Number of protein chains: 4
Amino acid sequence: MVDVCPFNYRYGSENMREVFSRDSMLRRYVQVEAAAMRGLEAAGLAPKGCWEEVLRCGSELRPEDVDEVEARLGHEMASLATLLGERCGECGKYVHLGLTSNDVIDTAWALAFRDALRIILKRLEGVIEFLASLAVKHSRTVMVGRTHGVHAIPLTFGFKLANYVYELSRSYERLCEACGRVVKCNISGAVGTMAAWGGKGLTVRDVAAEALRLEPHPITTQIAPRDGFAELLADLAILASQLDRLALEVRELSRDEVGEAFIASGEVGSSTMPHKRNPTLAERVSGLAKVARSFIIAGLENIPLMHERDLTNSSSERVVIPHAFLTVDQALIDAEAILKHLVVDEEAMRRNLSITKGAVMSECVMVKLVLKAGMPRHEAHAALRKLRDECIARGEDFLEAVRKAYGDLLGEELGECLNPENYLGSAESLIHAALKHWEGVKGRCEGCWR
Amino acid sequence: MVDVCPFNYRYGSENMREVFSRDSMLRRYVQVEAAAMRGLEAAGLAPKGCWEEVLRCGSELRPEDVDEVEARLGHEMASLATLLGERCGECGKYVHLGLTSNDVIDTAWALAFRDALRIILKRLEGVIEFLASLAVKHSRTVMVGRTHGVHAIPLTFGFKLANYVYELSRSYERLCEACGRVVKCNISGAVGTMAAWGGKGLTVRDVAAEALRLEPHPITTQIAPRDGFAELLADLAILASQLDRLALEVRELSRDEVGEAFIASGEVGSSTMPHKRNPTLAERVSGLAKVARSFIIAGLENIPLMHERDLTNSSSERVVIPHAFLTVDQALIDAEAILKHLVVDEEAMRRNLSITKGAVMSECVMVKLVLKAGMPRHEAHAALRKLRDECIARGEDFLEAVRKAYGDLLGEELGECLNPENYLGSAESLIHAALKHWEGVKGRCEGCWR
Amino acid sequence: MVDVCPFNYRYGSENMREVFSRDSMLRRYVQVEAAAMRGLEAAGLAPKGCWEEVLRCGSELRPEDVDEVEARLGHEMASLATLLGERCGECGKYVHLGLTSNDVIDTAWALAFRDALRIILKRLEGVIEFLASLAVKHSRTVMVGRTHGVHAIPLTFGFKLANYVYELSRSYERLCEACGRVVKCNISGAVGTMAAWGGKGLTVRDVAAEALRLEPHPITTQIAPRDGFAELLADLAILASQLDRLALEVRELSRDEVGEAFIASGEVGSSTMPHKRNPTLAERVSGLAKVARSFIIAGLENIPLMHERDLTNSSSERVVIPHAFLTVDQALIDAEAILKHLVVDEEAMRRNLSITKGAVMSECVMVKLVLKAGMPRHEAHAALRKLRDECIARGEDFLEAVRKAYGDLLGEELGECLNPENYLGSAESLIHAALKHWEGVKGRCEGCWR
Amino acid sequence: MVDVCPFNYRYGSENMREVFSRDSMLRRYVQVEAAAMRGLEAAGLAPKGCWEEVLRCGSELRPEDVDEVEARLGHEMASLATLLGERCGECGKYVHLGLTSNDVIDTAWALAFRDALRIILKRLEGVIEFLASLAVKHSRTVMVGRTHGVHAIPLTFGFKLANYVYELSRSYERLCEACGRVVKCNISGAVGTMAAWGGKGLTVRDVAAEALRLEPHPITTQIAPRDGFAELLADLAILASQLDRLALEVRELSRDEVGEAFIASGEVGSSTMPHKRNPTLAERVSGLAKVARSFIIAGLENIPLMHERDLTNSSSERVVIPHAFLTVDQALIDAEAILKHLVVDEEAMRRNLSITKGAVMSECVMVKLVLKAGMPRHEAHAALRKLRDECIARGEDFLEAVRKAYGDLLGEELGECLNPENYLGSAESLIHAALKHWEGVKGRCEGCWR
């Protein structure tokens, strides 16, 4: 077969591919038709036991069978209904009775979302917990914090990672909430009124939903509301962008000039430069995040459909939904691999802390000047800024210059500013707060995907 | 002043403009500096009572004062801190001590989000409740349901509107949840470790947060995590897209050929065609939705910042955050006006129901053929499809043709399919389910914006 | 094989799939390696005739062969170079000498762009020319023009279509120009300086480019500049959006209430409503356009790479480039099918022209009042607007009311406003201007894709 | 006035603000009304000389005057036409005769585009030429090239900059081409047929266009085709993204660990860390690029309007067009400032070249092993890769290890690989090729904005 799609062979796990394979989608369609039959039975609109017959005869169908009929009818779901009708004997008479295509499709999407979210959230949990363990391990590994890409003040590598624990736990929570809005049964007929089932529509729907272990939407127009699909794509894009932040962190820390952390790998870096060791895994995460960010556009545009629905969501969803999940799936796999193969060079961290010749302790000195020497904060700030400029101009050590200028004023107090390890504030408590937050989120999210 | 921005004079309410005016933002900065001072006091790092002094002397500042210092220092927040330092007497010494700019900016954003969400959610509540009242009022106003822009089967106008009640209540719920993630205090110092406050950082933060009636983020990097900002922009874009769906509905229903509903207005429709009555209000909602959908891109790109933060989120947030809220604010105002001025032409609805000469009842007939005459569903479907094609070719009435073909078989059963009013299924129950869902959402969302 | 991608079986032509198949991409990689070898030969850096040997031994490679080595080396292009090195005998020694991976990849992209644009522009030409023929055929088919979805003044169906001729010819021109910027050879070595080839780099590059019938980029960083990729994705998104406009036109014209044009089809419209005839082909075009609009985001984000390049463009391009071309390919195929199967109901067009009871001629009357009766335009506008409101309120015929009010004043002049066919202005000339414009564009675009 | 928009006071030049100020837009509307009057005169539909009267009496109008009438009529352009009608005496009768609002609005947009592009292209020219001069100046300033953020092989700073010259010249060319498609006159009446002007529409249009020094669109639907607006927004987003690439380059080069270039500035870097020197100007460019990338979404969505047009483009264009131009205007101003204040530390460049202990010369050695010692390229690559890994493991100098391993084999040849200055290939020629390309582009673009 001609294959044009890297998600078929390059990105995403086999498990996630399985969720969105043509076979699995067909399997789910049959499952929904059977569940609806169970509803019809409960409502007295079909003979008892037909649902099992639908499941059975449906299990023999292959996507190619549907393709064949679709080539004639030009309608995927009508083709499936016809096939089941023809193949399920007496029960076939009642197959798809009163159902519209999107009763089947959207409920199958809900089942697929449940399967896909199960994978995503499991992986995300793994990433968060590994980050948490690294955060604890490195809770005292001192390094420089950087803002604007420029040295700020010290922190610990564990503290840095604990922030990712917090941030990713927010995504976990968000996906957990979105799950509750999208993993829902949509069985309501041609325009959502359940007209074909006389007054027994609620029975049909509720029994079918129960059979699928889903809650029903309280009302729909024919299709499940697309704000949920957009929300899911947005949440996936946000998660991918957070992993992008982690990947960017690693890419920057592994520059030759920085060298504080790198991804161990035996891979070739360049096809022409034998020496190269590139952070390609991290670059791939950043690249996939761009793809995830793109899909949200189609997701949002699918909300304003005409009247009870038009079909313009259909083709775009066939593309963006599987691809979005596979994109984030791969990004999570890569993120976990990055963390597992991350080599931390504590020596480099220490070395880099001193390359600004003490300037990273300027805030510490400023605070002393205010609290111990009674200088107004803004004046202390201005004075130290000036001192720093002079040090750079003359190539001098900043703390040395501080000693000269303020040693008499500050006395022993200054000592505390000599050592970055003394200037970590509440970093350790905050690491534990982040971990505790994650435990809370995990505990609260009972999880519609379970 | 040269004004290039339609949000200053054309789109958005005065209230929302007020939330994001330069004055208000400055007011909030001062508020946060004062709250932080209260935290410093509690931690024993500043004299008691200074926070009131900061509030007082800060209240006299104008944006232009900050501009003036910024022209020299090139840094907005450092300029504000300097001004407060100079103007707040003895207390001025301690202003901004250990705070970094984004402690002030991000906490001010949180306060602005609270104010802005209060407006948005209040308006959204108004729109939903008005929709709910219309849904009840029109719960028996029969009209045709349309899928693909084409006549499907009957429903009621109230049922149509009840779907919007459900969908918009999902946005209400989403914004309520997002609120809990973004309306949070971020006071943690240069790289989030609270180093400047020795071991007393948690006290500083918690007291400040309490003073502002905010929960603190458990940990931050210097800045509040940007996944929250992206989530907010996504939720606003989703809401705008839902209003776009409502607007598109009205635009289509008010076509000259459809004429089922239109927006009453005394406005000029065209500058050259005196007769025109255009659904401009609804078109504006659709137009603004495009703007809201755009902003999410900047929101997502702001997540992967470098290390503890870089500044690339700053300029884009100054643009997209106020503009996004004002966009949705105007869309909600317009949506409410559309609903309030919506004239429903029940006569046109009835008339249109019959223009397909009974074909909209084809599903009804099909179900009868299955349940009463024992015909397999897929065969009934195929037979009626053929019949319909013949009717179109010959210009015949569909139900008449059905009577000829299946009258004997179906007998009196057919009568039920003659009248669209008999084919509304559970529409009325579903309307009430939608309204009940909304009440549930409203009750559950305790609302961080309150 | 598990298949998750609808572009493999549902959207896009076999031809376009072939362009982006794994096999074709590998074929092109080998072609570029051979061309580069030819350059090395010309520069005296490899033995004469090796390029043919590379072509030959490369022709036996399969994607799976590369996968196998890549599993070990973790680098696709290094794996290919190694395979060629091992399999091409003595010539193998020189394979890939001084080339970096993106010399091969980006030049292969250029070749793929040429092939893909050839298909796209051929199809686009077909659509434009069919539109042009329909425009001429219907140059006197009068119908109502609509703005805001509301009746404006008359035009002809041919005039309506001629606008699409003009608009699509602009896309043709744009793609033609983009082609000149992206179908270019990129052979410049590790960081673009051609260092590995001593002073003979320009010879290597120029001979290779000549062999591939490509112009070289004058300078590159290692990779071809990504502004070109973004431009291409933007141009494809614009084209898809124009087809979306055409599709939306057809969807609206085929509403039951409008009925002026519809797509003939024997397909099933709904799986539960036998009577349905849906404009699904047009809806698919609109749906695919959303996908095309999404991909531009990844395209734009791929421009700001770090230094000489980072790898974050790689994964996203593997996804969005083939998918974008396949998306637009299908949209063009569908657009052509829509036009070829479009049934125009001239009777319905005539009927609809009169449903506003003459109001569509209000501008005509206004102009008469100004030019013949000397009434100021704005007063005539206001007066007729008032008259129209009264007509609607009383259900009266507008032209009748005009006759009553202004018959004496206007006399025979009014007659011209009775018949829409008299109010077509320069429609016919403008149709021909549009066709002429297209001929000009086609003539001017010599076409890098040829 | 409450001001919520940073483009009013923070981003963009006064000149560009002036282009899109409410006053300027009103001025252009009047200008178009006058030009159209001139067309009416030429067609014998209005008295001679009226166009000057319209210009004169229109010059007295203020935006507030229009607001006042609009509050009553609900239509901006009808309000303007009424005001001119009332105030221009006898000529007032003919004002706006046969014009539709978008004849005025879209032609005014074209005039605004011309003014805005003039500013953008002038600034872009300035940036390119400054880059070109720096490229020449630094054509021998050797530094390391970096791919994946990792050391690759040497290049010169001038070569690096010359790539930007080439890339930005592509944007110049693109904007030049887009200009030809969007700076066009749209005067065609209610649905584009020019019906109101009898058979004299082409005269009206052509005379008006001539008066405004514009070419007319050959045909329109009422509005100018929106593919042009989308193209313009795409081209601006691409340009902004290229500047983002330049900004990212500077941000990375100015890291404390790299220190090869930084932006000289006396500004405060941090409000709490006195020592900070941040690349804020470059970060602002990157931030603004995100905004520019966002706007393309609204631009693309504005293409598929209904029938002859709907109004959903209107509100979004009022937002995104001025804001997009102001965004790129500021990004260009900042880019120029960055380059003008860029301090290049050649010493740091030299120092960094050696931090990988010679590994950056691995390709050089590999080529020697192939060309001089007859080793197959892929074997040489593998051998050197292994050597490099060993060097890293043992902390050894790479070139020293090479000498040990291959000194006998390569002899004096190895000498050439000791000095990065010997390994610059055709860098200097390529710089001149880039500059020549720019001269060619500049010469060819005759420029519709002139």
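What counts, and at which threshold
- Residues numbered from 1 in each chain as written.
- Chains lettered and ligands numbered in written order.
- Predicted model: local features only at pLDDT ≥ 70, side-chain atom pairs only at ≥ 80, totals over all residues.
- Heavy atoms only, no water.
- Helix = DSSP H or I, 4+ residues; strand = E, 2+ residues; numbered from the N terminus.
- Polar contact = N/O pair within 3.5 Å; in protein donor to acceptor, adjacent residues only side chain to side chain.
- Contact = heavy atoms within 4.5 Å.
- Least-squares fit on C-alpha atoms with pLDDT ≥ 70 in both.
- Domains from an automatic or database assignment.
- Buried area = accessible area lost by both parts, 1.4 Å probe.
- Salt bridge = Lys/Arg side-chain N within 4 Å of Asp/Glu carboxyl O.
- Disulfide = S-S within 2.5 Å.
- Buried < 20%, exposed > 50% of the residue type's maximum accessible area, 1.4 Å probe, protein only.
- Nonpolar A, V, L, I, M, F, W, Y, C, P; charged D, E, K, R; others polar.

Turning our eyes to something else, we now look at the side chain of C:Arg22. The topology assignment puts C:Arg22 in helix α2 (residues 22-42). A distance of 2.8 Å separates polar atoms of two side chains, one belonging to C:Arg22 and the other to C:Asp67. In contact with C:Arg22, other than residues within four places in its own chain, are A:Asp3, A:Tyr9, C:Pro63 and C:Asp67.

Before going further, it helps to examine the relation of the copies chain A and chain B. What connects the two chain copies is a rotation about an axis and a shift along it. Note on the copies: chain A fits chain B at an RMSD of 0.0 Å, the axial shift is 0.0 Å, and the rotation between them is 180°. In the structure described here, the two chain copies are related by an operation that fits a two-fold rotation axis. Residue A:Ala234 of chain A places its C-alpha closer to the rotation axis than any other residue of that unit, at 3.3 Å. When the interface residues of chain A are mapped onto chain B, 100% of them are again interface residues, pointing to one common binding face.

Okay, the domain arrangement of chain A next. Residue and element names in this part refer to chain A. By domain assignment, chain A separates into domain 1 (100-350) and domain 2 (357-424). Interface area for domain 1 against domain 2, summed over the two sides, is near 560 Å², with a carbon-plus-sulfur share of 82%. The largest contributions to the domain 1 side of the interface with domain 2 come from Val142, Ile153 and Pro154, which together make up 73% of the buried area. In this structure, the connection of domain 1 to domain 2 is made through 0 salt bridges.

Another point: the relation of the copies chain D and chain B. With an RMSD of 0.0 Å, chain D superimposes on chain B once it is rotated by 180° and translated 0.0 Å along the axis. When the interface residues of chain D are mapped onto chain B, 100% of them again fall at the interface, so both copies present the same face.

Put plainly, two cysteines are in a disulfide when a covalent bond ties their sulfur atoms together. The full count for this structure, using the stated rule, is 12 disulfides over all chains. Covalent S-S linkage joins B:Cys57 and B:Cys88, the inter-sulfur distance amounting to 1.8 Å. Around the S-S axis, the bridge from B:Cys57 to B:Cys88 shows a dihedral of about 65° and counts as right-handed. Of this pair, B:Cys57 sits in helix α3 (residues 50-58) while B:Cys88 sits in the loop between α5 (76-87) and α6 (89-92), placing them 31 residues apart in sequence. Each member of the pair, B:Cys57 as well as B:Cys88, is classed as buried. Each sulfur in the disulfide pair C:Cys364 and C:Cys417 lies 2.1 Å from the other. Between C:Cys364 and C:Cys417, the disulfide has an S-S torsion of -80° and is therefore left-handed. On the criterion of sequence distance, the pair formed by C:Cys364 in helix α14 (residues 362-371) and C:Cys417 in the loop between α16 (398-410) and α17 (427-444) is long-range, its members being 53 residues apart. Considering cysteine sulfurs only, D:Cys5 is the nearest to B:Cys5, which forms no disulfide, with 3.5 Å between them. Classification of B:Cys5 as buried rests on a relative accessible area of 0%.

On the side of chain B, 71 residues touch chain D, which itself brings 71 residues to the contact. Regarding the contact of chain D and chain B, the summed buried area is about 5,700 Å², with carbon and sulfur atoms giving 58% of it. Ranking the residues of chain D by area buried against chain B places D:Val4, D:Ser271 and D:Lys290 at the top, with a combined share of 12%. Linking chain D with chain B are 6 salt bridges, by the criterion used here. Two residues, B:Glu301 and D:Arg293, come together in a salt bridge whose shortest N-O distance is 2.6 Å. In this structure, the connection of chain D to chain B is made through 33 residue pairs in polar contact (both at pLDDT 80 or more). Contributions of two or more residues to the side of chain D that touches chain B are made by α1 (14-20), α4 (63-73), α5 (76-87), α10 (227-253), α11 (280-301) and α12 (312-340) of chain D. When grouped by side-chain class, the residues that make up the side of chain D that touches chain B number 28 nonpolar, 24 polar and 19 charged.

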